Amino acid sequence: MKHTARHTGGRRRLRFSKLYSFGCGKAPLDDDHSQIGGPGFSRVVYCNEPDGYEASIRNYAGNYVRSTKYTPASFLPKALFEQFRRVANFYFLVTGILAFTPLAPYTAVSAILPLTVVIGATIIKEGIEDWHRKQQDIEVNNRKVKVHRGGGVFEYTQWRNLRVGDIVKVEKDEFFPADLVLLSSSFDDSICYVETMNLDGETNLKLKQALEVTSFLHEDSIFMDFKALVKCEDPNANLYSFVGSMEFQEQQFPLSPQQLLLRDSKLRNTDFIYGAVIFTGPDTKVIQNSTDPPSKRSKIERKMDKIIYFLFGVLFTIALIGSIYFGITTADDLKNGIMKRWYLRPDNSKVFYDPKKAPEAALYHFLTAVMLYSYLIPISLYVSIEIVKVVQSVFINRDIHMYYEEADQPAHARTSNLTEELGQVDTILSDKTGTLTCNSMEFIKCSVAGTAYGQSVTEVEKAMARRKGSPLAYGTVNGQDHVNDSTDTKPLIKGFNFKDERIVKGNWVNEPHADVIQKFLRLLAICHTAIPEVDEDTGTVSYEAESPDEAAFVIAASELGFEFYKRTQTSVSLYELDPVSGRKVERLYKLLNVLEFNSSRKRMSVIVRDEDGKLFLLCKGADSVMFERLSENGREFEDQTRKHVDEYADAGLRTLILAYRELDEEEYKNFNKNFTKAKNSVSADREELIDEVADDIEKNLILLGATAVEDKLQNGVPECIDKLAQAGIKIWVLTGDKMETAINIGFACRLLRQGMKQIIIHLDSPEIGILEKEGEKGAIAKASKESVHRQISEGKDQLTASRGSSQGFALIIDGKSLVYALEDDMKTLFLELAVACASVICCRSSPKQKALVTRLVKDGTGKTTLAIGDGANDVGMLQEADIGVGISGVEGMQAVMSSDIAIAQFRFLERLLLVHGHWCYRRISSMICYFFYKNVTFGATVFLYEAHASFSGQPAYNDWYLALYNILFTSLPVVALGVFDQDVSAGLCHKFPLLYQQGVKNSLFSWRRILGWMFNGLCSAVIIFFFCTKALDPQAFNSDGKVAGYQIVGATMYTCVVCVVNCQMALAISYFTLIQHIVIWGGISLWFLFLFLYGLMSPNLSTTAYKVLVECLAPAPAFWLNVLFVVLAALIPYFSYSAIQMRFFPMYHEKIRVNNEGLLDDPEHGNTVRQGSIGLTTVRSRARIEERNNTMEASFRTYSE
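Residues numbered from 1 in each chain as written. Predicted model: local features only at pLDDT ≥ 70, side-chain atom pairs only at ≥ 80, totals over all residues. Heavy atoms only, no water.

Details of the overall build of the chain
This is how it is decided: Think of it this way: any DSSP run of H or I at least four residues long counts as a helix, any run of E at least two long counts as a strand, and we number them from the N terminus. When accessible area is computed with a 1.4 Å probe and restricted to protein chains, residues below 20% of their type maximum are described as buried, those above 50% as exposed, and intermediate ones as partly exposed. By definition, residues are in contact when any of their heavy atoms lie within 4.5 Å. Note on areas: Shrake-Rupley with a 1.4 Å probe; residue coverage comes only from the protein chains shown.
Counting secondary structure elements, the chain contains 41 helices and 39 strands. Considering the chain as a whole, with its 1201 residues, one finds that 56% of them fall into the buried category. Summarising the internal contacts of the chain: among those between residues at least 6 apart in sequence, 74% fall at separations of at least 24. Here the chain displays about 50,500 Å² of accessible surface, and carbon together with sulfur accounts for 55% of that area.

Some points on the sheet that holds strand β10 (residues 228-232)
Pairing between the strands of a sheet comes from backbone hydrogen bonds, and it takes one of two forms, parallel or antiparallel. Stated precisely, the cut-off is as follows: One requirement defines pairing of two strands: DSSP has to find at least two bridges between them. In this description, a line fitted to the C-alpha atoms serves as the axis of each element, helices being fitted only across the stretch in contact, and the angle between N-to-C directions of two axes falls anywhere from 0 to 180 degrees.
Spatially, four strands are ordered β3-β10-β11-β12 in an open sheet, and the strand pairing comes out antiparallel. In this open sheet, the two edge strands, each paired with only one partner strand, are β3 (43-47) and β12 (251-255). Ignoring which end each strand starts from, the neighbouring axes of this sheet average 20 degrees apart.

Details of the sheet that holds strand β37 (residues 864-869)
If you trace the nine strands from one edge of the open sheet to the other, you get β18-β39-β38-β37-β19-β33-β36-β35-β34, paired in mixed fashion. Either end of the sheet is taken by a strand with one partner, and the two such strands are β18 (412-413) and β34 (757-761). The sheet contact formed by β34 and strand β35 (residues 809-813) spans five bridges and is parallel. Of the residues in β35, the one forming a bridge with I761 is I813. On the sheet, helix α24 (residues 847-861) packs against β19 (425-430), β33 (730-734) and β37 and is oriented at approximately 160 degrees with respect to β33.

Observations regarding the pairing of strand β20 (residues 437-448)
Among the 12 residues in β20, 10 count as buried, and that is most of the element. As paired strands, β20 and strand β32 (residues 702-713) are joined by eight bridges and run antiparallel to one another. Directly across from T437, in β32, lies its bridge partner L713. In terms of strand pairing, β20 meets strand β21 (residues 451-453) through three bridges, oriented antiparallel. Bridge pairing in β21 places S447 opposite A452. The hairpin formed by β20 and β21 contains two residues between the paired strands, and A449 there has a positive phi angle of roughly 55 degrees.

Here we look at the environment of G52
Note on placement: G52 falls in the loop between β3 and α2 (53-56). Residue classification places G52 among the partly exposed residues on the basis of a relative accessible area of 24%. The sequence separation of G52 and G165 amounts to 113 residues, and the corresponding C-alpha distance is 9.6 Å.

Things to note about the side chain of T937
As a reminder, the rule being used: Any pair of N or O atoms that falls within 3.5 Å is considered a polar contact. Within protein, one atom must be able to donate a hydrogen and the other to accept it, and sequence-neighbouring residues count only if both atoms are side-chain atoms.
Within the element layout of this structure, T937 appears in helix α27 (residues 908-948). Within the structure, T937 has its side chain in polar contact with the backbone oxygen of Y933 (distance 2.8 Å). At 3.3 Å, the side chain of T937 and the backbone oxygen of G1017 are in polar contact. With near-sequence residues (within four places) excluded, T937 lies in contact with G1017, S1020, A1021, I1024, V1057 and V1061.

Thoughts on α24
Here is the rule we go by: Each helix should span, by expectation, one fewer than its residue count multiplied by 1.5 Å.
The terminal C-alpha atoms of α24, which comprises 15 residues, lie 21 Å apart, in line with the 21 Å expected from a rise of 1.5 Å per residue. Along α24, the residues that are buried comprise Q849, K850, A851, V853, T854, L856 and V857. Its buried side turned inward, α24 meets β19, β33, α22 (815-821), α23 (827-835), β37 and α25 (875-880). Directly beyond the C-terminal end of α24, a positive phi value near 70 degrees is found at G862.

With respect to the side chain of E126
Within the secondary structure, E126 sits in helix α5 (residues 108-141). Here E126 falls in the buried class, since its relative accessible area comes to 14%. Polar side-chain contacts of E126 include one of 3.5 Å to the side chain of K69. The residues touching E126, leaving out its near neighbours within four places in the chain, are K69 and Y70.

Structural notes on the pattern of salt bridges
Selection criterion: Note on definitions: salt bridges are taken to be side-chain nitrogens of Lys or Arg within 4 Å of carboxyl oxygens of Asp or Glu.
The tally for this structure, following the rule as stated, stands at 42 salt bridges. R522 is paired through a salt bridge with E576; the nearest N and O atoms lie 3.0 Å apart. Note that R522 is positioned in helix α12 (residues 514-526) and E576 in strand β27 (residues 571-577), a separation of 54 residues in sequence. For R522, a relative accessible area of 21% corresponds to the partly exposed category. The partner of D981 in a salt bridge is R922, with the nearest N and O atoms 2.8 Å apart. Taken together, the residues D981 in the loop between α29 (971-980) and α30 (986-991) and R922 in helix α27 connect sequence positions 59 residues apart. Classification of D981 by relative accessible area gives buried; the value is 2%. Given the relative accessible area of 7%, R922 is considered buried.

A few points about the packing of aromatic side chains
For any pair of aromatic rings, the description rests on two quantities: the centre-to-centre distance and the angle between the ring planes. Using the following cut-off: Ring geometry is summarised as follows: Phe, Tyr and Trp rings, the Trp one being its six-membered ring, pair when their centres sit within 6.5 Å, and such pairs are stacked at plane angles under 30 degrees, edge-to-face over 60 and tilted between the two. In this scheme, Lys NZ or Arg CZ marks a charge over a ring once it lies within 6 Å of the ring centre and within 35 degrees of the ring normal.
A complete count under the given rule lists 50 aromatic pairs for this structure. Summarising the aromatic geometry, the rings of F969 and Y1054 are spaced 6.2 Å apart at their centres and angled 85 degrees between planes, so their arrangement reads as edge-to-face. Taken together, the residues F969 in helix α28 (residues 959-969) and Y1054 in helix α33 (residues 1046-1068) connect sequence positions 85 residues apart. Both residues of the pair, F969 and Y1054, belong to the buried class. Aromatic rings pair up to connect Y106, Y375, F938, Y957, Y961, Y965, F969, Y1054, W1087, F1090 and Y1094 into one cluster. Above the ring of F272, the side-chain terminus of K169 is found at 4.9 Å from the ring centroid. The side chain of R642 reaches across the aromatic face of F627, ending 4.0 Å from its centre.

Notes on the state of the cysteines
Note the following rule: Criterion for a disulfide: a pair of cysteine sulfur atoms within 2.5 Å.
Evaluated as defined, the whole model comprises zero disulfides. Looking at C842, it has no disulfide partner, and the nearest cysteine sulfur is the one in C843, 7.4 Å off. By relative accessible area, C842 is classed as buried at 0%. C1056 supplies the cysteine sulfur nearest to C1028, a cysteine that is in no disulfide, at a spacing of 3.8 Å.

Right, here's the structure in full:
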């Protein structure tokens, strides 16, 4: 038969409950571990009696669920509160309220309108997003399910109407409407298949099984008289635990996760099930898990808040200075009856100009100035940035270069808050399995009875051979001649890439230890939880396994003569190759117990009875726990097996140790009694009790051998890591593998390089080994901590001694050492060593350690960290990092669901960071700088004119000029800059990876650059104000000899401001598109169109703008000459600075642009560009670039062609 690990159509599924040994519920509850009724275990459910008195007084939540952020009643107040939490928006609200007082220098409507537009746009966006969530809620809550209405009759009702205690009937391919206790199914043994993709993203089906006592409930009519009482744990978020009991027919039975069907999982391959509703609505486990992810804000956004505060400081300072001056001059207006400014009538003035109340007038002026100078603060900044980030996220989602065709998966930016942060990543912390590798296991080697089998060559072995300068063209593997075909071909059978004539095709029967090989292969075929599927048309058997490793083992056993083809609740059936007859014979093994694998046990066992009545315990697990469990007479092959395991680790393979023992009846009887008692325990520590009982029997084992499976690197991983390292990004790998495996994988993926000095920190010293044998835990901990501290200190000394050289360093530390390295009194020392190394590998690290290391790097360095992983064990790391990137791989979607950005392959990280990250960082940085520039330019002209008018609170411009500056005439060009501008092309971003360091060093958003742009705005404002006032004020403005009044000067200055800031944008842009031309020149044209139309309105509406363009400005040559001259003069400082900088102090991207325009064929210039402008802070970048200098000429020629 052929074998596959994939699901195909037309198959007959063979049924089995993999947790038979954990939850069949055959025995009533009789232990003393029950916590039911205590704290956390108080829920009581009256099954089939939802309307009863006892049920009604408990007031459990209904089944209506809501994922919306707002309700109709809370939407407006809550949305407004969210907006006015921002200090800038709150400031504009206060000034808007003050605009209704006589203090206002402008009309209230013109002050309120811009705020209304900005806040309204954001609230509408929030409302649309929440409405989409509301639509989803309506669809879910209105789904239909059959519920028992009494008298054995089931009728359809909406999900939202379900109550705790209802009996529901769910049919094939329907979702479970609430958390249910499974009562029975369409199968005789009351099992069902459940797909949990909506919960954990896993596509493999889970098996659930009802209690045996309720398995007779196969028909609707039987439920007429059904009554049961369920007592269980209170609602909680743990998807994988459930503690409870069912009281039925005056007996009590334990409930486990095996009987729990979770809301939003789907019934598959089962016609129907009956279940009792236990948790509804917000109490269900899936809703309990739907907490908001940690709030993350980019460093640029946090810095932007500081700039806003700085501008507030400037605003209040100049308002205070102006008010003090105004108070002094007002006090001098009337002295001894003499009026200095007689036109203000100080002898008969209001309080605002009353010389007798000068301090009070100064205070009122301060409030007026605070309102007038508000244009220093960019009111539309936040909403513009939100728009730009959303569009940037769309660009990431639609990038065809990050689309994985094989799985039909594009990149997906799950949040738009962090796009610019992608351009500032200093350290990447990566998982290995499924992230750097495919998590698609292939059985490639094994060691049986001390003999190594398997002649295939792994990718790591090839990398090792290249490193040593001896490519595997011809060589020996395991002592056998081997020819390595340079053209890699995929194995004909997925999961099986084993080649060795000594053992395939039944030849193992001729080996010296054929009996051991037989037991080895039999163990592979029995000790697992895989489920066989038989295609009735072709007879092909395929396997659905919980992990790729397990599928590979079962397929390997089948290919080598031990075909697993059938499983029932209590047995496993094989076709075994009989060594005597040479034919396959059918064997049936009675399955008594399954002791499942978990991360603490690191092993799995099954207890079976063969056809001769003998009892066997078959066990497979990690070498760290298996060798210590061998009996004295079971260690015959230990030395050779250990040697082979180390060799397999060196070759980058994942290994498991296989062992067994025969049990006597009395021993098994005692074990089964204790095991049954532990598994029937209704308590929170049930798993610990089960582990204790299992630990007692998994001893005195006899070693059979070891397996080795290869998890191949994903395509493009070495090249991606190499390019990221050239970009100066530090890369850490956090893996659960053995140190030797991790090191060799590091070489294969170019994380480690030839000649790189390795600093290895471990606890395998003889001294600690002696202490471990003595068992003194305190002494072991003290010695271990001292050893780790000493090794870290020695590592730092090595780095200090090599300072100035180009040698790279790599830090490798194991999980035991990491425990001590992360303690408070040592973590700073460890971090100092780690950040000075080019690469860091943490081996044997647990999920918690991954998260702690990520937090240490993020908090300790203060720089941006990115974590990338694909499994549930990476969730903590992803949420702890500044940016979490999930790989949508074969370990489910939990990492993706907890991530900020999802990609399908690790290699896409190169484009995500070096291209999108760099572009987004540059665009957002330039956009914010330009925002402050244009507002300082505008605000400074307002200030200068008010100072020119003796700080009288007189604005230079018409009210609507003020109101529309930020939201109409200058807003779209800056948004276009944030969306479309790029300093260099995507190809050049890849070609010159050091360009990425601009973001890491934050060179485009430093205080120097921000203040430089503000100073540029101040210069522009000074030029515009003085040139306009001096050119227009004393002279005749037109042919009639009329002088320019306040209206003409204001409109001319405003025209100059709009033209200057838009032309400044044209100078600053690196990459013009048609849209940018439209919005820049359109912004200027829109101003003239507005001035024309607004001036045609009634004087009551247009006030100072009444026909000012038609009658005053347009006919006057002085206006056009003045605008032209002022615009040119205002742009000269920026243009001069840019020319000098470009000529003598060019930035890195500017060098690349010059190189791209005319010097692309000059390799020497290319090398200079790569190493100029940005200091190489890590030896990794310098060494890798020097390695490639000899090939640079060819790459330049290729690019130019």
